[in-house]
Amino acid sequence: MAGGWARDGAVGEQIEASISDELARMQAQKHPVGQSLTHCAECEEPIPEKRRVAIPGVKLCLDCQQDRDGTYKSRVGINRRGSKDSQLK
Ligand SMILES: [Zn+2]
């Protein structure tokens, strides 16, 4: 009786191992955005690891990202909107 138990457990472990193997393979293929940078592409400030984990393929530090997104009011109105409009019309 006890032998059956041990065998079942071994099979379960094998299945789990092949699943995690599969997951690892899937994750390895998931690289459409490229690797996160350790330092900002704009100002070369170090990017916090939390941010790199949260945003796969992150290239900018928080400041530069906000700047680019137009979240900061200090640098609004370069001419992003103007050039887009002219392309549309
Ligand atoms: Zn930056």
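Just so we're clear, the structure is a prediction, and the values are computed from it rather than from any experiment.

Participant: Hey, could you run me through the overall build of the protein chain in this one?
Facilitator: What the protein chain contains, in helices and strands, is four helices and zero strands. Ordered by position in the sequence, the α and β elements of the protein chain form the string α-α-α-α. For the protein chain, the share of sequence-separated contacts (at least 6 apart) that also reach a separation of at least 24 residues comes to 9%. Within the structure as shown, the protein chain displays about 8000 Å² of accessible surface, and the carbon and sulfur contribution to it stands at 55%.

Participant: Just to check I follow, could you spell out the nonpolar core for this structure?
Facilitator: Soluble globular proteins tend to bury their nonpolar side chains together. Counting residues in hydrophobic clusters, the biggest one holds six residues: Cys40, Ile47, Val58, Leu60, Cys61 and Cys64. Leave out the neighbours within four places in its chain, and Cys64 touches Cys40, Glu42 and Cys43.

Participant: In this structure, what is going on with the coordination of the zinc ion? I would like to understand it.
Facilitator: As a benchmark, a tetrahedral metal site with four donors has ideal angles of 109.5 degrees, while an octahedral site with six donors has ideal angles of 90 or 180 degrees. Distances from the zinc ion to its protein donors, namely Cys40 (SG), Cys43 (SG), Cys61 (SG) and Cys64 (SG), fall within the range 2.3 Å. Because the angles between the four donor atoms bound to the zinc ion fall within 104 to 117°, the donor set is best described as tetrahedral. Of note, the zinc ion draws all its donor residues from one chain, in the sequence arrangement C-x2-C-x17-C-x2-C. Note that Cys43 is positioned in the loop between α1 (2-29) and α2 (49-54) and Cys61 in the loop between α2 and α3 (62-69), a separation of 18 residues in sequence.

Participant: Sorry, what's going on with the pattern of salt bridges here?
Facilitator: Oppositely charged side chains can pair when the atoms bearing their charge come close. One pass over the structure, following the stated rule, counts one salt bridge. With a closest N to O distance of 2.5 Å, Glu42 and Arg68 form a salt bridge. Separated by 26 residues along the polypeptide, Glu42 in the loop between α1 and α2 and Arg68 in helix α3 bring together distant segments of the chain. On the basis of relative accessible area, Arg68 is assigned to the partly exposed category, the value being 45%.

Participant: Any chance you could explain unusual backbone geometry here in plain terms?
Facilitator: With the exception of glycine, the majority of residues adopt a negative phi angle, and the majority of peptide bonds are in the trans configuration. For Glu44, which is not glycine, the phi dihedral falls at a positive 65°. Here Glu44 lies in the loop between α1 and α2. You can call Glu44 exposed: its relative accessible area is 61%.

Participant: Looking at this structure, how should I read the confidence of the model for the protein chain?
Facilitator: Low-pLDDT stretches of the model should not have their predicted coordinates read in fine detail. Looking at the protein chain, pLDDT values average 76 and 62% of them are 70 or higher. Per-residue pLDDT, averaged within each element of the protein chain, yields its smallest value for helix α4 (residues 80-88) (55) and its largest for α2 (92).

Here is what the cut-offs are and how they apply
Residues numbered from 1 in each chain as written. Predicted model: local features only at pLDDT ≥ 70, side-chain atom pairs only at ≥ 80, totals over all residues. Heavy atoms only, no water. Helix = DSSP H or I, 4+ residues; strand = E, 2+ residues; numbered from the N terminus. Contact = heavy atoms within 4.5 Å. Areas by Shrake-Rupley, 256 points an atom, 1.4 Å probe, with all protein chains shown as cover. Core = buried A, V, L, I, M, F, W, Y, C linked by side-chain atoms within 4.5 Å. Buried < 20%, exposed > 50% of the residue type's maximum accessible area, 1.4 Å probe, protein only. Donors = N, O, S within 2.8 Å, 3.2 Å for Na, K, Ca; no water. Tetrahedral: all angles 85-135°; square planar, octahedral: opposite > 155°, others 65-115°. Salt bridge = Lys/Arg side-chain N within 4 Å of Asp/Glu carboxyl O. pLDDT = per-residue confidence, 0-100.

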